[in-house]
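Chain and residue survey
These are the residues of each chain, in order.
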Amino acid sequence: MTPATLTAPKQLKTTSTATTRPGGYAGNLLRVDLTRRTCRAEPWGPEMMRELLGGVGLGAMILYRETAAKGGKGNVSWDHPDNRLVLATGPLAGLPVWGTGGLTVCTIGAGTNGPTSTQANGFFGTNLKYCGYDAIMVQGQSKDWVYLYINDDVVELRDARSLVGLDTWETQGALYKETGLAGHQLSVYSIGPAGENLVRFAAIQGDYGHVASKNGCGAVMGKKRLKAVAIVKGTKSLRAADPRGVVQAAEEIAHDLRTDASARSLYEYGTLPGVVNLSKMGALPIKNYTTNLTSNVAGADMSVWEAPKLRENFDHRGHQCNACGMHHCHMSVIRHGDQKGKIVDEPEYEGWSGCGWAIGAADRDGVAWLNTQCDRACVDVNEWGWLCGWVMECQEKGYITKEQLGFELKWGDVKGSNRLLQMVSRREGFGNILAEGVKRAAEKLGGPAKECAIYIEKGATPRGHDHRSRWEEMLDTCTSSTATMETGNPVHPTEIGQPARINPFDGEQVAKYVAGLRGRRSFEDSLGICIFTSRTRLEYICRALSAATGWAFTVDDALRFGKRTAAINRATALRCGHTGAMEYPSTRYGSTPVDGPAKGQAIRAQWEKMLDTWYAEVGFDRKTGKPLPKTLKELGLEWLARDLWGKKA
Amino acid sequence: MSVLRLHPQKCTGCLRCELACSYMQTGEFQPAKSVIRVSPFEGHTSYAPYTCTQCAEGWCMTACPVGAITINAVGAKDVLDDKCVGCKLCTIACPYGTMFYDPGTRKAFKCNLCGGAPACAEACPTAAITYEDVATADWLGDFAVERTARVLAEAR
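Conventions we followed
For every chain, the first residue of its written sequence is number 1, and the numbers climb from 1 along that sequence. Note on labels: chains are lettered from A, ligands numbered from 1, in written order. Confidence filtering applies because this is a predicted model: local features only for residues at pLDDT of at least 70, side-chain atom pairs given and counted only at 80 or more, and all residues used for totals across whole chains, interfaces and linings. By convention in this description, side-chain values take in all heavy atoms of the structure and omit both hydrogens and water. Helix and strand assignments follow DSSP, with helices taken as H or I runs no shorter than four residues and strands as E runs no shorter than two, numbered in order from the N terminus. Computation of the radius of gyration draws on C-alpha atoms, with the globule rule given as 2.2 Å multiplied by the number of residues to the power 0.38. The cut-offs for exposure are 20% and 50% of the maximum accessible area for each residue type, with area from a 1.4 Å probe on protein chains only; residues under the lower value are buried, those over the upper are exposed, and the others partly exposed. Here, nonpolar core means buried Ala, Val, Leu, Ile, Met, Phe, Trp, Tyr and Cys residues that are tied together by side-chain atoms lying within 4.5 Å of each other. Think of a salt bridge as a Lys or Arg side-chain nitrogen and an Asp or Glu carboxyl oxygen that are within 4 Å of each other. In short, DSSP must find at least two bridges between two strands for them to pair. Between N-to-C directions, angles cover 0 to 180 degrees, with each direction set by a line fitted to C-alpha atoms, over the stretch in contact for helices. Any N or O atom pair separated by 3.5 Å or less is treated as a polar contact, with the protein-specific requirement of one donor-capable and one acceptor-capable atom, and with residues adjacent in sequence counted only for side-chain atom pairs. Working rule for contacts: check all heavy atoms of both residues, and any pair within 4.5 Å makes them a contact. Side-chain classes are defined by residue name, with Ala, Val, Leu, Ile, Met, Phe, Trp, Tyr, Cys and Pro counting as nonpolar, Asp, Glu, Lys and Arg as charged, and the others, Gly among them, as polar. Ring geometry is summarised as follows: Phe, Tyr and Trp rings, the Trp one being its six-membered ring, pair when their centres sit within 6.5 Å, and such pairs are stacked at plane angles under 30 degrees, edge-to-face over 60 and tilted between the two. Only when the NZ atom of a Lys or the CZ atom of an Arg is both within 6 Å of the ring centre and within 35 degrees of the ring normal do we say a charge sits over the ring. Roughly parallel means an angle under 35 degrees; roughly antiparallel means over 145; roughly perpendicular covers 65 to 115; every other angle is labelled oblique. Here the expected span of a helix is defined as 1.5 Å times the quantity of residues minus one. Segmentation of the chain into domains, including their bounds, is taken from an automatic or database domain assignment. Using a 1.4 Å probe, buried area is obtained as the accessible area two parts lose upon being combined, added over both of them.

Of the regular secondary structure elements, chain A holds 26 helices and 17 strands. Against the compact-globule benchmark of 26 Å for 649 residues, chain A has a radius of gyration of 23 Å, which places it among compact chains. Counting only C-alpha atoms and orienting by the principal axes, one finds that chain A spans roughly 70 × 60 × 50 Å. For chain A, the proportion of its 649 residues judged to be buried stands at 65%.

Printed below as a string of structure tokens:
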């Protein structure tokens, strides 16, 4: 799609609202009240769009405004009917920038009982926008199981009792049959048994393999008895302020992703290269953080884990998200072993680690199968790795007995892991304790078992790496208000005045770096774009946004916007009862590697100093955790300063 | 003449072609107005684009009672908007399902090869759609047979 071919469209049509609504927006928010069983479209205006963009920007504000309790001093809990479940896209969703089917889920999550920002892709955002909505805001609680059906102006809460008990893939299949649609004609995001049974780390899964996985957002959906959201590919049009500019920016982003050294392997193989690359840095989590040597996993041969071999082990087909040219998401058919012939979603790096290395499994066919079992049950594959690996270690050491668990579970036992997964997602036997997530289960068992568990004191768990050699992300995850990384990995850090590289084991440098990168992640997660296709220069993304909307959006605007969003989420988190005392890794998570490339690097020794530096750099009060009035005023959040500090501000 | 050659095994179902096509057709992004459509196979694991093959028979042209379908400069069958009366006979006559009707404009519309620079081929990131000087053919038949065999077997 070179710009030259797009200069002369056959006929130009403009809608009557074109002069008031910024391009890229559908123009309506869809409010769904499950208690009252009502669905209504709420138009939103250009000022609000400019201020909140979409995604987490919009979601953070809705949570702050609508989930307060006790006159603003407290917050509703995750299982309260007044909790909101915001399923938001953004201004770039549905446009021809790569990977723009994006969905951001914002809610008070079951993991931390605090704010959430978790993303997935596929075609949710695209289909929703073409139906005429930029986001769905779900509130209340249904008496019976329902699913939300959206087809342009037809929005209905439909009986989902026949879907209860089905896993997420079965649910999508059943809804295909019910509607007579298939493929991207119908985007379905649903919960499986884990969500129905309020497992604390239940995810929302959609479009075969895309997962909004963090902070138990699937449990929130389960509590509301909302089994699925099914969106027909709508027939409405999206206008861009400068369509040619959008296409040009998309081409620039695509070119950068194809050719830039830092993005090229991602372009060719998605996140598959992560396994071998991270193992060389000591950041591949192996057997519940007990080792960093791949040779300690039975049957591990790293040569077959190189990305091309990993992909070619399966009969694979591209399965891209909206308008995406990355060779990232794939569907695979298993060629060998007892699951031969099964169709699975090609695991992301996180799947290979959570269903593989973290539990000591190196059988690629088995790991790929287990990964899809997690998606089908709708559990967060990261937390699954930490939970299952923990149970395996505890059983090896005698902290959890065979009688307690009901069977013997050894390192690398993929089938046993699936058995445990089914127990947890249905809360059967010991699975009922484990369904509370790593932190709560570990605290329940206490003693030496607790010492082995990987979690953050807030109740969340890390993504699928060994952060003992990735200190930025451990600090980011622990200080985050959204139960997972809030700043994220550096992408072209020099573009925003940060050093190209730092000493990864110098706490001071790490803390400054994490603080310095702040803002970008929240901005990206507000656009309806994929985290991987936005691994390009921020300038290009701003250019795409400006062309879509007609605003002049700069890199400075983007960072400021992101910091503002993060500050609002922080205010909600404080209202939820989060404190500085929770910003610590568990004993094992913050331990020192005993072998491998990062052997002896002790993050705990520098942790307090890192927190001090981070707080000073981001302008938050170390004692109360609040953003300082000065910080908030600089971000144009005078109203939030008054809320948090009263007249003192 | 050059035609759109479809390589279904390369399609990843990203629908970028639909976006590009709808932009060329309407000036807005609206896949519902695209004249190239991506269909799923095996339920959801395989995808393939399909559009007018510019077939030699020209069923749409033959069927049109008012002579509104003509052959344009690059050899594509094209609808003349000022002649089309919106009777939809062409959509019935086309054996490939690649004639469309727009209830908004009350006109038929179809692939006109973008006047010689098809936007879908330009937009496709995997070269599953190419614009080539070859004889037109049924690009999807064998693929469809292979990829639906599993689904049909399960249905039996």
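This part covers the nonpolar core. Ile136, Ile150, Trp384, Trp390, Leu420 and Phe523 of chain A are the most contacted members of the largest nonpolar core, which totals 207 residues. The biggest single contributor to this core is helix H13 (residues 381-397) of chain A, with nine residues. By size, the runner-up hydrophobic cluster in this structure holds 29 residues, among which are Val3, Cys21, Val35 and Phe143 of chain B.

This paragraph deals with the pattern of salt bridges. Residues and elements named next belong to chain A. The final tally for this structure, using the stated rule, is 44 salt bridges over all chains. In this structure, Glu473 engages Arg470 in a salt bridge whose closest nitrogen and oxygen atoms are separated by 3.4 Å. Take Glu473 and Arg470: they sit in the same class, and that class is buried. Three or more residues are tied together by salt bridges with common partners; here these are Arg31, Arg40, Glu42, Glu66 and Arg84.

Here we take up the sheet that holds strand E17 (residues 343-345) of chain A. Within a beta sheet, neighbouring strands are joined by backbone hydrogen bonds and run either parallel or antiparallel to one another. Residues and elements named next belong to chain A. Read across the sheet, three strands follow the order E15-E16-E17 without closing on themselves; strand pairing throughout is antiparallel. Pairing within the sheet leaves two strands with one partner each, and these edge strands are strand E15 (315-318) and E17. Between one strand axis and the next, the sheet turns by 25° as a mean value, whatever way the strands run. Pairing geometry for E15 and strand E16 (residues 330-333), over four bridges, is antiparallel. Each residue of the ladder has a partner; that of Gly318, found in E16, is His330.

As a further point, take the side chain of Glu350 of chain A. Residues and elements named next belong to chain A. As for its position among the elements, Glu350 is in helix H11 (residues 349-354). Within the local environment of Glu350, its side chain forms a polar contact with the side chain of Arg463, the two groups lying 3.2 Å apart. Excluding residues that lie within four positions of it along the chain, Glu350 makes contacts with Val381, Asn382, Arg463, Gly464 and His465.

On to the interface of chain A and chain B. Contacts between chain A and chain B engage 51 residues on the former and 40 residues on the latter. The interface formed by chain A and chain B holds one salt bridge in total. Across the pair Glu18 of chain B and Lys233 of chain A runs a salt bridge, and its minimum N-O distance is 2.4 Å. Between the two partners, chain A and chain B, sit 10 residue pairs in polar contact (both at pLDDT 80 or more). The greatest single-element share of the side of chain A that touches chain B, amounting to four residues, is contributed by helix H7 (residues 243-259) of chain A. Here the side of chain A that touches chain B is composed, by residue class, of 24 nonpolar, 19 polar and eight charged.

With that settled, consider the packing of aromatic side chains. Aromatic rings considered in pairs are described by the distance between their centres and by the relative angle of their planes. Residue and element names in this part refer to chain A. Evaluated as defined, the whole model comprises 21 aromatic pairs over all chains. Consider the rings of Trp169 and Tyr208, whose centres lie 5.1 Å apart with planes at 85°: the pair is edge-to-face. Here Trp169 is found in helix H4 (residues 168-179), whereas its partner Tyr208 is found in the loop between strand E12 (204-206) and strand E13 (210-212), with 39 residues between them in sequence. Take Trp169 and Tyr208: they sit in the same class, and that class is buried. On the basis of an interplanar angle of 85° and a centroid distance of 5.7 Å, the ring pair of Trp614 and Phe620 is categorised as edge-to-face. With respect to burial, Trp614 and Phe620 carry one shared label: buried. Among the aromatic residues, those joined into a cluster by ring pairs are Tyr25, Trp44, Phe523, Trp551, Phe553 and Phe561. Directly above the aromatic system of Trp551 lies the positively charged group of Arg50, at a separation of 5.4 Å from the ring centroid.

This paragraph deals with the side chain of Ser46 of chain B. Within the fold, Ser46 of chain B resides in strand E3 (residues 46-50). A polar side-chain atom of Ser46 of chain B sits 3.4 Å from a polar atom in the side chain of Arg317 of chain A. Looking at Ser46 of chain B, its side chain comes within polar contact range of the side chain of Arg147 of chain B, at 3.1 Å. Ser46 of chain B has contacts with Arg317 of chain A together with Ser39, Pro40, Phe41, Phe143 and Arg147 of chain B, leaving out every residue within four places of it along the chain.

Residues and elements named next belong to chain A. Among the five residues in strand E8 (residues 135-139), five count as buried, and that is most of the element. Neither face of E8 is exposed, since Ala135, Met137 and Gln139 on one face and Ile136 and Val138 on the opposite face are all buried. Bridge count for strand E5 (residues 85-88) against E8 is four bridges, and the pairing is antiparallel. From the neighbouring strand, Ala88 faces E8, where its bridge partner is Ala135.

Turning our attention to the packing of helix H22 (residues 538-549) of chain A against helix H23 (residues 555-575) of chain A. Residues and elements named next belong to chain A. Packing of H22 against H23 brings their axes to within 9 Å, and their N-to-C directions diverge by 90°. Between H22 and H23, the crossing angle belongs to the class labelled roughly perpendicular. Within the contact between the two elements, H22 uses Leu538, Glu539 and Cys542 and H23 uses Val555, Ala558 and Leu559. Of the residues assigned to the contact of H22 with H23, the class counts are five nonpolar, no polar and one charged.

All names here are of chain A. With 12 residues, helix H2 (residues 55-66) extends 16 Å from end C-alpha to end C-alpha; this agrees with the ideal 16 Å at 1.5 Å per step. Counting buried positions over the 12 residues of H2 gives 10, a clear majority of the element. Regarding H2, the residues found buried are Gly55, Val56, Gly57, Leu58, Gly59, Ala60, Met61, Ile62, Leu63 and Tyr64.

Let us look at the sheet that holds strand E7 (residues 118-120) of chain A. All names here are of chain A. What the six strands build is an open sheet, ordered E2-E1-E8-E5-E6-E7; its pairing is mixed. One side of each edge strand has no neighbouring strand; the edge strands of this open sheet are strand E2 (38-43) and E7. The average undirected angle you get between the axes of adjacent strands in this sheet is 20°. Sheet strands in contact with H2 are strand E1 (28-33), E5, strand E6 (103-107) and E8, and its direction is about 15° off that of E6. Contacting E5, E6 and E8, helix H3 (residues 124-131) crosses the sheet at an angle of about 95° to E8.

Take the domain arrangement of chain A next. Residues and elements named next belong to chain A. By the assigned domains, chain A splits into domain 1 (22-232), domain 2 (280-451) and domain 3 (467-490 + 492-533 + 554-648). Distance between the C-alpha centres of domain 1 and domain 3: 26 Å. Every contact between the two is made by 42 residues of domain 1 and, on the other side, 28 residues of domain 3. Summing both sides of the interface, domain 1 and domain 3 together bury roughly 2,600 Å²; the carbon and sulfur share of this comes to 61%. On the domain 1 side of the interface with domain 3, the three residues burying the most area are Leu53, Tyr64 and Pro115, jointly 26% of the side's total. On the surface where domain 1 and domain 3 come into contact, there are one salt bridge. Of the charged contacts, one joins Arg50 and Asp557 as a salt bridge, the two residues approaching to 3.8 Å between their closest N and O atoms. At the boundary of domain 1 with domain 3, the tally comes to 15 residue pairs in polar contact (both at pLDDT 80 or more). Broken down by element, the residue count for the side of domain 1 that touches domain 3 peaks at eight residues, all from H2. Class assignment for the residues of the side of domain 1 that touches domain 3 results in 15 nonpolar, 22 polar and five charged.

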